[in-house]
Structures are given as C-alpha cells and as structure tokens.
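So the chains spell out like this:
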Amino acid sequence: MIKRIKASTSEKIILIFLILLLVSTLGTYFVIKNECLFIKNFDPKIINFKNPNNIAILNAPCGNVIIELYPEVSPNGVKRFITLIETNAYDDVAFHRVIKDKLVQAGDLEFGRKETLDYGKIGTGKSGLGNIKSEIENEFNYVKGSVGLARTFKNDTEDSQFFIILQDEPLFEGEYTPVGKVIYGLEVLKKIKHQRHSEYILRPDFINTFRMLD
Amino acid sequence: MKFFRVILLLTILITPLKANTIYNLIKIPNLEIYEINTKNKLKYFYAISSFRLGVQKNIACLNPDKQDLEKKFKTIYKILSRYSYGYLKKINLKYIVLCENLSISGINTAGIPDNIMKTLILDIKFNKDYFERVIHHEVFHVVNDQYKELFNEDEWIEFNDSKFEYAECSTCTEKLGLETYRKTKGFFTEYAKSTASEDMAEVYSHMLFLDKNEIGQIRKLDPILNNKISYIEDKIKIIDNSFTF
C-alpha cells in the first residue's frame with residue numbers, strides 16, 4: 001500500500017510561485033510580442049473633421065495615422081501628395097528611413113515597394129511624375145507630427161517621398177515643403193520598425209494603405 | 001586583421017544612432033544652435049568641439065570660448081542684420097557657423113562660404129581691427145559664388161592700370177594687409193591686390209563699412225575705385241533692386 005504524503009506548506013508555496021512565474025512569463029511574452037497592444041487605433045468615421053476634404057488616412061502596422069493636409073501652405077506639394085494617395089501609389093511602400101523618436105520617412109515608389117524592394121537603391125527612387133518646386137516661403141512651424149516632402153540636397157527636387165517628424169524640428173522651416181500634420185495616431189508612427197545603429201531599415205515596415213477620407 | 005574587423009563591427013553595432021539635424025542640413029559636425037529666431041531668418045550655430053571638413057579634411061576650426069562667443073555674436077548679429085531676408089534668400093545664405101581659429105590647409109582665414117549648403121563659417125577670433133568689415137567681405141564671396149556669371153573678372157581687370165597684375169590666387173601672394181589705404185590708388189587695401197575676386201570683396205565690404213561721405217570722397221579722388229564701386233553697385237542692384245549701401 002502506497003502511503004500518501006501530504007505536501008508541506010513550503011512545498012505548496014514553491015508550487016504556487018512556480019505557477020505564478022509561468023503565468024507571468026507567458027503573459028509578458030505575449031504582451032511584449034504584440035507591440036501594438038497599447039496603441040489606440042483611431043477610426044476616422046467617428047471623428048468630425050473641420051476640413052474633411054483635406055484629411056488623409058495612412059494605415060500602418062499598428063493602426064491609422066490621420067493627417068490633415070494644408071493646401072493653403074503648399075498648394076503644389078499637397079496636390080502631388082493627393083494625386084499619389086488617390087492612385088493608391090503609397091500602398092505597400094516601405095518606411096525605409098526611420099530614426100527613433102525623430103522621424104519616419106516613406107514614399108519611394110520605385111525601390112521601396114514590398115514586391116520590388118531594393119536595399120541598394122531605396123531612398124533614391126522616383127514616382128515617374130517628375131520633380132516639383134519647393135514651397136518653403138509660407139510660414140510653417142515644424143512641430144511634432146508635421147508632414148513634409150523629402151528632397152535631395154537641392155531645392156525643387158521634391159517628388160513622392162515624405163517624412164513625418166516625431167519631435168519639434170524648428171530648423172526644418174524654410175528647408176522642406178510642408179504638406180500637413182498628423183492630428184491623430186502619432187503613437188502608431190512611434191511603433192514603426194527602427195534600427196539602433198542605422199537610419200535605413202532592413203526588413204522595414206510598410207504602409208498598408210493610404211487614402212483620402214471619403 | 002580579423003580581430004580589427006570584429007572590433008569595427010562591434011563598434012558599429014553597439015554605437016547607437018545619433019540623429020543630428022544640423023549635420024543633416026549643412027554637413028558640418030559638432031554644432032549646436034546658438035540663435036535661430038532672427039528677423040532675417042539667419043540661423044546661427046556654434047561649434048561645441050573642433051571640426052574638420054573637406055575631402056582631405058583640410059578645413060579646420062575649434063570650438064569658441066563661451067564668453068568670446070557671447071561678445072562676438074552681438075557684433076556679428078548686428079552686422080548681418082543689415083541684410084534683409086529677401087536679399088539673403090537671393091544670395092542663398094541661411095546658416096552662420098561660429099568657431100575659432102578657422103583655417104584652410106593651415107592658413108588662417110576669416111570665413112569660408114559654402115554656397116551649396118547655404119552656409120558661412122566665421123572665425124570669431126579673426127583680427128578684431130577688421131572683424132566687422134571682414135564679415136561683409138565674406139558675405140560678398142557668398143554673393144559671388146551664387147552669381148558667378150554676373151561678376152566678370154575680365155571686365156573688372158579692365159578697371160586697373162594696364163600694367164597691374166593680380167596674383168594667381170589669394171593665398172599665393174604676400175599681399176595680405178587689410179588696413180585701408182589713406183591714398184587708395186585703385187585699391188582699398190593691400191589684400192585687394194591679391195585677386196580680382198578679393199578686390200571685389202574689398203570694394204563691397206568698404207562700401208558697406210565706410211559712411212557715404214567717405215565713399216563719396218573716394219569716388220571723387222580715385223577714378224579706378226569710382227568705376228569699381230559703380231560696378232559693384234550695378235551688379236548688386238541686378239540681384240536685389242531694394243538693396244542699399
């Protein structure tokens with residue numbers, strides 16, 4: 001006959017501790033794995049906008065980024081931006097340049113597409129629509145969330161690439177053509193994949209969709 | 001060799017990325033903002049530590065002493081405030097970098113313009129006797145770089161005595177004196193005799209530095225300088241009709 005041995009109090013405590021440890025480890029694993037867990041996904045349909053015609057919605061891996069465009073500040077820049085958005089040109093295009101807490105850049109339509117990603121040339125691609133002139137005359141405060149058109153060292157080389165800043169950048173005023181500002185969802189951009197030692201991203205995140213508000 | 005590669009790789013991997021907006025804009029390292037809220041929208045930076053530039057790293061400058069910087073900034077700011085935003089935009093000047101003991105290939109210089117980067121590097125420790133005027137001199141080089149086709153050196157040379165010849169370059173001559181001549185004879189300073197471009201810069205800087213009566217006197221007494229002054233005046237008017245000396 002097998003004698004049943006009762007677990008001592010200390011053994012019970014150890015068992016409970018091990019169970020708690022397992023639960024917290026698994027819990028933490030899933031929480032950490034889901035980087036979008038605490039990011040609010042804004043639904044543009046339930047928001048009332050002052051200028052609904054100037055609202056664009058960029059859908060990124062962690063949710064929607066809602067951008068108000070400023071055609072009165074940069075008419076040609078915004079016109080180009082809307083043209084590309086309305087032709088779905090930015091869908092599946094990489095956030096190829098990301099600096100943590102500073103900026104995200106995307107919009108290389110030639111070398112930044114998911115299916116034809118070219119790490120050697122990314123950031124140099126064109127849209128095929130040609131360059132547009134810089135619009136840097138009007139006053140614009142480059143505060144956190146501002147959206148501008150990227151360019152080469154020279155002015156008047158803006159095309160399809162754009163950046164969104166995650167911190168105030170007063171030196172950008174008069175340098176880059178502003179097109180708008182993020183009004184909801186800046187936190188989504190902070191979760192875009194970045195690398196610790198490089199601005200250019202290996203296996204980057206992509207724009208899911210980029211649409212004008214219906 | 002492998003060991004060094006591993007060390008290099010590790011260094012790259014463990015060094016966090018430091019995004020530097022100023023460096024991204026003007027490609028000069030080790031700078032910080034000194035003043036950016038100015039009427040004419042000039043942005044002033046200063047060196048927080050020494051830097052070297054150029055393909056062969058032949059341009060060097062040191063970080064300035066804070067007290068010196070404070071004093072000299074007031075002077076520089078006052079002088080450059082003379083230029084309107086519109087004029088600065090036309091000549092493509094936006095950033096002023098303040099540092100100390102600026103040199104090119106070991107030769108000290110007051111300033112270095114970089115037309116492409118819209119930048120003028122100024123040595124705040126440059127000879128204090130000529131400091132104010134020299135700033136205008138350097139601004140002229142910015143103007144000249146932006147409008148090369150406008151300032152024709154062959155036309156300029158014609159103003160001088162036919163026997164006079166400039167040196168091959170501004171650093172390959174002993175003519176470096178910056179003191180304004182009492183009797184000008186076609187040149188404001190000894191340095192003006194170095195090259196046509198330096199001569200133009202000296203005329204421009206004197207036109208801004210001296211008062212109108214002094215310039216008027218010089219024009220009456222020195223026909224060569226009178227022609228040179230008219231030339232600069234005309235060309236600057238083409239660039240910006242609203243600019244006044």
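Residues numbered from 1 in each chain as written. Chains lettered and ligands numbered in written order. Predicted model: local features only at pLDDT ≥ 70, side-chain atom pairs only at ≥ 80, totals over all residues.

Student: I keep staring at the overall build of chain B and nothing clicks. Help me out?
Tutor: Scanning chain B for helices and strands turns up nine helices and eight strands. Among the 245 residues that make up chain B, the fraction classed as buried is 32%. In chain B, 60% of the contacts between residues at least 6 apart in sequence involve partners at least 24 apart. (Helix = DSSP H or I, 4+ residues; strand = E, 2+ residues; numbered from the N terminus. Buried ≥ 20, exposed ≤ 12 C-beta atoms within 10 Å, placed from the backbone. Contact = placed C-beta atoms within 7 Å.)

Student: I keep staring at the overall build of chain A and nothing clicks. Help me out?
Tutor: Broken down by element type, chain A carries three helices and eight strands. Reading chain A from its N end, one meets helices and strands in the order α-β-β-α-β-β-β-β-β-α-β. In terms of overall size, chain A is more extended than a compact globule, its C-alpha atoms giving a radius of gyration of 23 Å where 214 residues would be expected to give roughly 17 Å. Residues classed as buried in chain A amount to 37% of the 214 residues present. (Rg over C-alpha atoms; globule rule 2.2 N^0.38 Å.)

Student: Help me understand the nonpolar core in this model?
Tutor: Formed by 99 residues in total, the largest nonpolar core has its most connected members in V104 of chain A together with I96, V97, L98 and L122 of chain B. A per-element tally of this core places helix α7 (residues 196–209) of chain B first, with seven residues. Counting only domains with at least three residues in this core, you end up with domain 1 (15–126) and domain 2 (147–245) of chain B. Sequence-distant contacts of V104 of chain A, defined by excluding residues within four places in its chain, comprise F95, V98, F163, I164, L189 and I192 of chain A. (Core = buried A, V, L, I, M, F, W, Y, C linked by C-beta atoms within 7 Å. Domains from an automatic or database assignment.)

Student: Got a minute to help me understand the domain arrangement of chain B in this structure?
Tutor: Often, the extent of an interface is quoted as the loss of accessible area on bringing the components together. Residues and elements named next belong to chain B. In terms of domains, chain B is made up of domain 1 (15–126) and domain 2 (147–245). Here the C-alpha centroids of domain 1 and domain 2 sit 26 Å apart. Counting from both sides, the interface comprises five residues of domain 1 and, opposite them, four residues of domain 2. The element contributing the most residues to the side of domain 1 that touches domain 2 is helix α4 (residues 85–91), with four residues.

Student: Looking at this structure, I do not really get unusual backbone geometry. What am I missing?
Tutor: Glycine aside, residues mostly have negative phi angles, and peptide bonds mostly take the trans form. All names here are of chain B. The phi angle at S105 is positive, at roughly 50°, despite the residue not being glycine. With respect to the helices and strands, the residue S105 is situated in the loop between β5 (95–104) and β6 (107–108). On the neighbour-count criterion, S105 (11 C-beta atoms within 10 Å) is exposed. Even without glycine at this site, K185 takes up a positive phi of about 50°. Along the chain, K185 falls in the loop between α6 (153–157) and α7. Accessibility expressed as a C-beta count within 10 Å gives 11 for K185, which makes it exposed.

Student: Is there a simple way to think about helix α2 (residues 75–86) of chain A in this case?
Tutor: The α-helix advances 3.6 residues per turn, and as a result positions three or four apart in sequence lie on the same side. All names here are of chain A. Taking 1.5 Å per residue, twelve residues should reach 16 Å; α2 reaches 16 Å between its end C-alpha atoms and fits that length. Listed as buried for α2 are G77, V78, R80, F81, L84 and I85. An end-on view of α2 places all buried positions within 160° of arc, on one side of the element. Facing away from the buried surface of α2 by more than 90 degrees, the exposed residues are P75 and E86. (Expected span 1.5 Å × (residues − 1). Arc of directions from axis to C-beta.)

Student: Which parts of the structure should I look at to understand the sheet that holds strand β6 (residues 162–165) of chain A?
Tutor: The pairing of strands in a sheet comes from backbone hydrogen bonds and takes either a parallel or an antiparallel form. Residue and element names in this part refer to chain A. Read from one edge of the open sheet, eight strands run β3-β4-β6-β5-β7-β2-β1-β8, paired in antiparallel fashion. If you trace the sheet from one side to the other, it starts and ends with β3 (97–99) and β8 (209–212), each paired once. Strand-to-strand twist across the sheet, computed as the mean angle between neighbouring axes with direction ignored, equals 25°. Bridge count between strand β5 (residues 146–149) and β6: three bridges; the pairing is antiparallel. Following the sheet pairing, G148 is matched in β6 by F163. (Pairing = 2+ DSSP bridges. Axes fitted to C-alpha atoms, helices over the stretch in contact; angles between N-to-C directions.)

Student: How should I be thinking about the packing of helix α3 (residues 66–80) of chain B against helix α5 (residues 131–146) of chain B in this particular structure?
Tutor: To describe two helices that pack against each other, one gives the angle between their axes and the distance between the axes. Residue and element names in this part refer to chain B. Taken N-terminus to C-terminus, the directions of α3 and α5 make an angle of 50°; their axes are 10 Å apart at the nearest point. What the angle tells us is that α3 and α5 run oblique. Where α3 crosses over α5, the handedness of that crossing is right-handed. Contacts between α3 and α5 pair T75, I76, I79 and L80 from the former with F131, E132, I135 and H136 from the latter. Residues that form the contact of α3 with α5 fall into these classes: five nonpolar, two polar and one charged. (Parallel < 35°, antiparallel > 145°, perpendicular 65-115°, else oblique. Left-handed = near helix turned anticlockwise from the far one by under 90°. Nonpolar A, V, L, I, M, F, W, Y, C, P; charged D, E, K, R; others polar.)

Student: I'm lost on the environment of G145 of chain A in this one. Help?
Tutor: Residue and element names in this part refer to chain A. Turning to its location among the elements, G145 is positioned in the loop between β4 (103–106) and β5. Separated by 22 residues in sequence, G145 and Q167 have C-alpha atoms that sit 7.2 Å apart. When sequence neighbours within four positions are dropped, the list of residues in contact with G145 reads I164, K181, V182 and L186.

Student: Looking at this structure, how should I read the packing of α5 of chain B against α7 of chain B?
Tutor: Residue and element names in this part refer to chain B. At a closest axis distance of 8 Å, the pairing of α5 and α7 adopts a crossing angle of 125°. Taken together, the axis directions place α5 and α7 in an arrangement best described as oblique. Judged by the sense of rotation from one axis to the other, the crossing of α5 with α7 is right-handed. Where α5 abuts α7, its residues E132, R133, V134, H136, H137, F140, H141 and N144 lie against S197, M200, A201, E202, Y204, S205, L208 and F209. For the contact of α5 with α7, a count of residues per class yields seven nonpolar, six polar and three charged.

Student: Help me understand α7 of chain B in this model?
Tutor: Residue and element names in this part refer to chain B. For α7, which comprises 14 residues, the first-to-last C-alpha distance of 20 Å matches the rise-based estimate of 20 Å (1.5 Å per residue) to within 8%. Among the 14 residues that make up α7, twelve are buried, leaving the element largely enclosed by the rest of the structure. Elements in contact with the buried residues of α7: α5, α6, α8 (212–221) and α9 (223–239).

Student: Looking at this structure, I do not really get the pairing of strand β2 (residues 43–47) of chain B. What am I missing?
Tutor: Looking along a regular strand, one sees the side chains alternate between the two faces of the sheet. Residues and elements named next belong to chain B. Buried residues dominate β2, accounting for five of its five residues. Alternating residues of β2 divide into K43, F45 and A47 and Y44 and Y46, and every residue in both groups is buried. Relative to β2, strand β1 (residues 31–35) runs antiparallel, the two sharing four bridges. Looking at the pairing, E32 lines up with Y46 of β2.

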